[in-house]
Amino acid sequence: MTAAALLEHYSKLKEEALKKKEQEQKQPLIMVGTASCGIAAGALEVKEAFLKEIKKHKLQASVQEVGCMGYCYAEPIAIISKPGFPPLCYGNVDEGLVKLLVQSFLIEDDPCYEYALVALEPNDIFPTFSDFPRGVYEHKIIMEHCGFIDPEEIDHYLVHDGYAALAKVLSQKPEEIIEIIKSAKLRGRGGAGFPAGIKWEACRKAAGEEKYVICNADEGDPGAFMDRSILESNPHQVIEGLAICAYAVGASQGYFYIRAEYPLAVKRVQKALQQAREKGFLGKNIMGSGFNLEIEIFQGSGAFVCGESSALVSSMEGKMGLPRHRPPRLTSSGYRGKPTVINNVKTFSYVPAIIRKGADWFKSIGTEDSPGTAVFTLVGKVKNKGLVEVPMGTTLRQLIFDVGEGPPDDKQFKAVQIGGPSGGCLPESALDIPIDFDSLKEAGAIMGSGGLVVLDEDDCMVAIARYFLEFTQQESCGKCTFCRLGTKHILDILTDITRGEGTMESLQILQELAEDVKDGSLCNLGKTAPNPVLTTLKYFKDEYLAHIMEKRCPALMCKEITLYYILPEKCTKLCNVCVGSCPTEAIFTREDGIKVIDQGKCVKCDNCRKTCPPEHDAVVKLSPAILPEEGGEKK
Amino acid sequence: MELLKGEKEAILKHTKEIFQEFEAKRENLIPILQEVQKRLGYLPRLAMQKIAEFLGIPPVDVFALATFYNQFRLNPPGKNEIKVCMGTACYMVGGKIALESFERRLNIKEGQTTPDREYSLERVACVGCCTLAPVVVVNEQIEGKVSPTRVDGIILSLQGEKSKEGEEANEDTKEKLKGEKQ
Amino acid sequence: MSREITITIDDKKIRTVEGKILLWVALANDIYIPHLCAIEGKDLPEASCRLCFVEIEGKNKPVTSCTQPVYDGMVVRTRTAKVDRLVKTAFELLLSDHRLGCASCPKNRNCELQRIAKERKLKLRHTRFKYLGRETAVDDSPDSFSFDPSRCVLCGQCIWADHEKAKVGAIGFARRGLGRTVATFNYESLKDSPCTECGLCVEACPVGALSFKKNT
């Protein structure tokens, strides 16, 4: 099939989509962000409210569901496009705001700028993304359309050159496609950063006719949700990337391996696959090219270890998700023993743009060895939480303090946890390292799937390390000795330390064991599991020592060595808020009217400290757990 | 776990229907288990045996998967399923406190079901709504920013719904629970 | 693949065939490398016990010999500081979940753990890592043998014998992580399982987890 014929075929489809879009733009359009996080914040109620108000006022306007644009802290979010105005984005929308917007903006042409977050197109009235610090650093490639198109509407993707890359490659030789991806130096976004082009080439060259392509959407890192967000916001982009890969390696069957915990992502991908089939982008003889491709969804059953490629394949074959020794690599012996490419959601998402705009364009963004962008979930103690896409090479400081605007409530930044359970905690002094695969690895963390949790002075680094080890220990498949038993002993030692029961000897064993688990484990889950321990030991040893030597948790987070105390000089005696807030009736009133906590009953739930009126602020946490008056230790 | 009256028939009926949708191939084992659990709420022993028969594999191989993956449960769940997210972001801002509050209020530990089978409590890995931390999933509905006070609110509203359902539904469950054990 | 090659293990020159697995080549030439889970002839090795580490010249980290094919000119060391450290830790980890008390163990003097301890001069007691002492129940329902999970090292030899040699399918791995265990369907007793008491799994067990009863 010639390139011209393919282009003609594609152009027709795009033409239809554009016409439909034009029709849509003639009347006001309201877009509500309904990815999982938006829905949890009440987006569906917002959508209903818009529909109700529009009906009530008998207006000509349509309401659409779109995905997530990454401004999670402002959910629910709505975008209103009205002819004559730039499209405007509103945050924290509730029913009251809906009523106001419909009345003032839709009916009376007053866009209520005081409630608007940002305008989506350049204009001379209201600032756009690029006018904010975040906009300066952000460079969206794979999130470009997320939150601005209806993920359940293939035409919306087509309008933005969707499937143009697929139409383009089908007239080219598969080897040429692999060459482009190799030359673009696209590295796998699943964690380790293996070059995608080299993986594809190995699969292409592997013997055998039957080959498979799998999109790994078994996102399991606690604190990371970008894969979910992309699948919920722009599933066609991932499908197109996967289809191009399938064509390049010579596969006619592809799979999406999606966590069962992501029902909305499953639903939207399902719908997208069906639409792609209807338009002829999937199925037999795609766009008349002779290329066949079917894509199915496989739902993961809740095992973190299945994010590891060989375990993922094993679970697809109806077995326990146990990793195996490699080689043989999956590109020579993968699913059903056949050559298989497994790439992450984000990796596939870059492919259409690279094909359309070229390898040089891609390499012009980011750093030399890690071109392109990085997508992070910026969460934890940071003002602007959300999904961020920045060029590789941006520093952690820029990301946390400029894009995220640092910790809220004037708290002191302490560390940033990158890469989830396989990553590490980096201190203030490491904030100027550029974000790329190699620099992060050198610092002891990893890019991982891009979870980025900001920690402040209230977060205990030993407790954080313990939290991650508890996670890996629970998620270990149990196959190999180091991971099954090593992580258990690491966890036990950490638990002792957080309880003030650690010793210098156990600290030494902790260090040795963590190193051995890293070197001795079978798969990457085990090999990286000690990273949270090794990095905190490296950068925050003083906190370990405070727990061991003084039984003191500097962040006042470890319950066993911290107690709650009501400062008599601050307690007003008159209010009873703390007494009422206590779930275990541990607070009583002393004869002199001062409130006192019965340490034996206190479960340290923090309720009293939160509810004590700020003008008194009488409840404090103390570590070591020694009451000031008596001076005696209490547990 | 003893089967309730009529449960055996239900298991046989559902597995039979499910087997018509799938080829008898080992790689369909997880999808089949998912479908069985979707319909029956858990994986009864009898269903696992039937699946093994259908696929021509030893029952112990089915059991292996049922016990390996988090998603599968071997015991019936509570009517209200409460899952507390233990992702990093949630843990940092009080996920554990929320979990402990539920444990105290329901008088069960995580992984357990109340004796009246009304509530079951679980911890889950990140549900991907980190910006709303701490997050709790109540009957598939995501609740954000769950403080101990909110925990009380959630339980109250579930109890409210229960009484709203009216006597009819209640009678029905009681009947079921009373039903002769097989 | 049948090219004759020469490799060197601990300064000993060995003639062998290209592509064979290093562990078996070493063992066939009387060079001991600790191992529990390796099964000759299994196409994808388990590589789960993590005891058979060796160092190969040109590689910066120890590798498991059960996964390593031999090639011409390969130079192998079975005892280096790095290897010994990993083997010691793996061994101590396994012991931390293994009920000791060799004197009362039916496999006393015929146990692979004892052999490893002797060969590598490791202590048969809980040292750096405390004994986990998890509660398990002995299944002595079969007439001819019994199963004591507290002595099981999860090598998988019994499951291989049951599935691949006896072709019965009475036992398999269940659960995951620390909970991983050799189990029957629904944790029912071996007597109620399809077990035929052929004894192959008991013969395969390298430690005292599966043992024949004395007076049968």
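Parameters and conventions
- Residues numbered from 1 in each chain as written.
- Chains lettered and ligands numbered in written order.
- Predicted model: local features only at pLDDT ≥ 70, side-chain atom pairs only at ≥ 80, totals over all residues.
- Heavy atoms only, no water.
- Pairing = 2+ DSSP bridges.
- Helix = DSSP H or I, 4+ residues; strand = E, 2+ residues; numbered from the N terminus.
- Expected span 1.5 Å × (residues − 1).
- Buried < 20%, exposed > 50% of the residue type's maximum accessible area, 1.4 Å probe, protein only.
- Arc of directions from axis to C-beta.
- Contact = heavy atoms within 4.5 Å.
- Buried area = accessible area lost by both parts, 1.4 Å probe.
- Salt bridge = Lys/Arg side-chain N within 4 Å of Asp/Glu carboxyl O.
- Polar contact = N/O pair within 3.5 Å; in protein donor to acceptor, adjacent residues only side chain to side chain.
- Nonpolar A, V, L, I, M, F, W, Y, C, P; charged D, E, K, R; others polar.
- Core = buried A, V, L, I, M, F, W, Y, C linked by side-chain atoms within 4.5 Å.
- Axes fitted to C-alpha atoms, helices over the stretch in contact; angles between N-to-C directions.
- Domains from an automatic or database assignment.
- Parallel < 35°, antiparallel > 145°, perpendicular 65-115°, else oblique.
- Left-handed = near helix turned anticlockwise from the far one by under 90°.

Participant: In this structure, what is going on with the sheet that holds strand S3 (residues 53–56) of chain C? I would like to understand it.
Facilitator: Within a sheet, neighbouring strands are paired by backbone hydrogen bonds and run either parallel or antiparallel to one another. Residues and elements named next belong to chain C. Overall, mixed pairing links the five strands, which are arranged S2-S1-S5-S3-S4 in an open sheet. Here the strands that pair on one side only, and so sit at the sheet edges, are strand S2 (12–17) and strand S4 (63–64). Relative to strand S5 (residues 75–77), strand S1 (residues 4–9) runs parallel, the two being bridged by two bridges. The residue bridging isoleucine 9 from the neighbouring strand is valine 76, located in S5.

Participant: Looking at this structure, I do not really get helix H1 (residues 7–21) of chain B. What am I missing?
Facilitator: An α-helical segment advances 3.6 residues per turn. Residues three or four places apart therefore align on the same side. Residue and element names in this part refer to chain B. Along its 15 residues, H1 runs 22 Å from first to last C-alpha, staying within 8% of the 21 Å computed at 1.5 Å per residue. Looking at H1, one finds that the buried residues are Glu7, Ile11, His14, Thr15, Ile18 and Phe19. The buried residues of H1 occupy an angular sector of 135° when the element is viewed end-on, so they sit on one face. Across H1 from its buried face, at more than 90 degrees, point the exposed residues Lys16 and Gln20. Buried residues belonging to H1 abut helix H2 (29–40) and helix H3 (45–55).

Participant: In this structure, what is going on with the interface of chain B and chain A? I would like to understand it.
Facilitator: By a widely used convention, the size of an interface equals the accessible area lost when the partners come together. Between chain B and chain A, the contact holds 38 residues from the first and 57 residues from the second. Area buried by chain B at its contact with chain A is led by B:Phe68, B:Met92 and B:Thr131, which between them contribute 17% of it. We note a salt bridge from A:Arg336 to B:Glu27, for which the minimum N-O separation is 2.2 Å. Where chain B meets chain A, there are 13 residue pairs in polar contact (both at pLDDT 80 or more). At the level of secondary structure, the elements contributing two or more residues to the side of chain B that touches chain A comprise H2, helix H4 (59–68), helix H5 (88–92), helix H6 (95–106) and helix H7 (148–164) of chain B. In terms of residue count, H6(B) provides more of the side of chain B that touches chain A than any other element does, five residues in total. Split by residue class, the side of chain B that touches chain A holds 22 nonpolar, eight polar and eight charged.

Participant: How do you make sense of the interface of chain C and chain A when you look at a structure like this?
Facilitator: At the interface, 31 residues of chain C touch 32 residues of chain A. Interface area, chain C with chain A, both sides summed: about 2,800 Å², of which 59% is carbon and sulfur. Our count for the chain C to chain A interface comes out at six salt bridges. The partner of C:Arg176 in a salt bridge is A:Glu475, with the nearest N and O atoms 2.9 Å apart. Summed over the shared surface of chain C and chain A, the result is 19 residue pairs in polar contact (both at pLDDT 80 or more). Where the side of chain C that touches chain A is concerned, the elements lending two or more residues are helix H2 (81–95) and strand S7 (171–174) of chain C. Among the elements that make up the side of chain C that touches chain A, the one with the highest residue count is H2(C) (six residues). The class makeup of the residues in the side of chain C that touches chain A is 15 nonpolar, six polar and ten charged.

Participant: Quick question: what am I supposed to make of the nonpolar core here?
Facilitator: Considering soluble globular proteins, one finds that nonpolar side chains tend to be buried as a cluster. Counting 143 residues, the largest nonpolar core has A:Leu510 and A:Tyr544 as the members making the most contacts within it. Excluding residues within four positions of it along the chain, A:Tyr544 makes contact with A:Val462, A:Ala465, A:Leu494, A:Ile497, A:Leu507, A:Leu510, A:Val533, A:Thr536 and A:Leu537. Ranked by size, the runner-up nonpolar core spans 121 residues in total, among them A:Ile141, A:Ile230, B:Tyr91 and B:Ala133.

Participant: Can you help me understand the side chain of A:Arg466 in this one?
Facilitator: Relative to the assigned elements, A:Arg466 resides in helix H18 (residues 461–475). Classification of A:Arg466 by relative accessible area gives buried; the value is 12%. Contact partners of A:Arg466, with chain neighbours within four places excluded, come to A:Leu491, A:Leu494, A:Thr495, A:Thr498 and B:Lys96.

Participant: Where do I start with the sheet that holds strand S2 (residues 119–124) of chain B in this structure?
Facilitator: Residues and elements named next belong to chain B. A sheet is described by the order of its strands in space; here four strands give the open sequence S2-S1-S3-S4, paired in mixed fashion. Of all the strands in the sheet, the pair left with one neighbour each is S2 and strand S4 (141–143). On average, adjacent strands in this sheet sit at an angle of 25° to one another, irrespective of strand direction. Where strand S3 (residues 136–138) lies against S4, three bridges are found, and the strand directions are antiparallel.

Participant: Looking at this structure, I do not really get the pairing of strand S8 (residues 181–184) of chain C. What am I missing?
Facilitator: Consecutive side chains along a regular strand alternate between the two faces of the sheet. All names here are of chain C. Judged by which residues are buried, S8 turns out to be covered on both faces: Thr181 and Ala183 on one side and Val182 and Thr184 on the other are all buried. Both S7 and S8 contribute to a ladder of four bridges, which runs antiparallel. Of the residues in S8, the one forming a bridge with glycine 172 is alanine 183.

Participant: Can you walk me through the environment of A:Val416 in this structure?
Facilitator: Residues and elements named next belong to chain A. Secondary-structure assignment places valine 416 in strand S12 (residues 413–418). Here valine 416 falls in the buried class, since its relative accessible area comes to 0%. Distance in space between the C-alpha atoms of valine 416 and aspartate 436 is 15 Å, their sequence separation being 20 residues. Not counting residues up to four positions away in its chain, the partners in contact with valine 416 are Leu396, Ile400, Gly424, Cys425, Leu426, Leu431, Leu452 and Val453.

Participant: Sorry, what's going on with the domain arrangement of chain C here?
Facilitator: All names here are of chain C. With domains assigned, chain C is organised as domain 1 (4–82) and domain 2 (96–212). Computed over C-alpha atoms only, the centres of domain 1 and domain 2 are separated by 26 Å. Counting from both sides, the interface comprises 14 residues of domain 1 and, opposite them, 14 residues of domain 2. For the domain 1 and domain 2 pair, buried surface summed over both sides reaches about 1,200 Å², with 60% attributable to carbon and sulfur atoms. Summed over the three residues of domain 1 that lose the most area to domain 2, namely Tyr32, Leu36 and Ile39, the buried surface amounts to 54% of that side. For the interface between domain 1 and domain 2, the tally reads two residue pairs in polar contact (both at pLDDT 80 or more).

Participant: Would you mind showing me how to read the packing of helix H8 (residues 174–183) of chain A against helix H11 (residues 235–249) of chain A here?
Facilitator: How two helices sit against one another is set out by the angle between their axes and by the gap between those axes. Residue and element names in this part refer to chain A. Close contact between H8 and H11 brings their axes to 7 Å; oriented N to C, the two are set at 120°. Of the possible angle classes, the one that applies to H8 and H11 is oblique. Handedness of the crossing formed by H8 with H11: left-handed. Judged by residue contacts, Pro174, Ile177 and Ile178 of H8 engage Ile244, Tyr247 and Ala248 from H11. Grouping the constituent residues of the contact of H8 with H11 by class yields six nonpolar, no polar and no charged.

Participant: Looking at this structure, I do not really get the pattern of salt bridges. What am I missing?
Facilitator: Between side chains of opposite charge, a pair can form as their charged atoms come close. Counted under the stated rule, the structure contains 76 salt bridges over all chains. Residue A:Lys267 pairs with A:Glu152 through a salt bridge whose shortest N-O separation is 3.5 Å. Highlighted residues: A:Lys267 in helix H12 (residues 263–278) and A:Glu152 in the loop between helix H5 (133–137) and helix H6 (154–159), separated in sequence by 115 residues. A relative accessible area of 45% places A:Lys267 in the partly exposed class. The salt bridge involving B:Glu122 is made with B:Arg73; its shortest N-O contact spans 3.2 Å. Of this pair, B:Glu122 sits in strand S2 while B:Arg73 sits in the loop between H4 and strand S1 (80–85), placing them 49 residues apart in sequence. A single network of salt bridges, built from pairs that share partners, joins A:Lys47, A:Glu65, A:Glu152, A:Lys267, A:Arg268 and A:Lys271.

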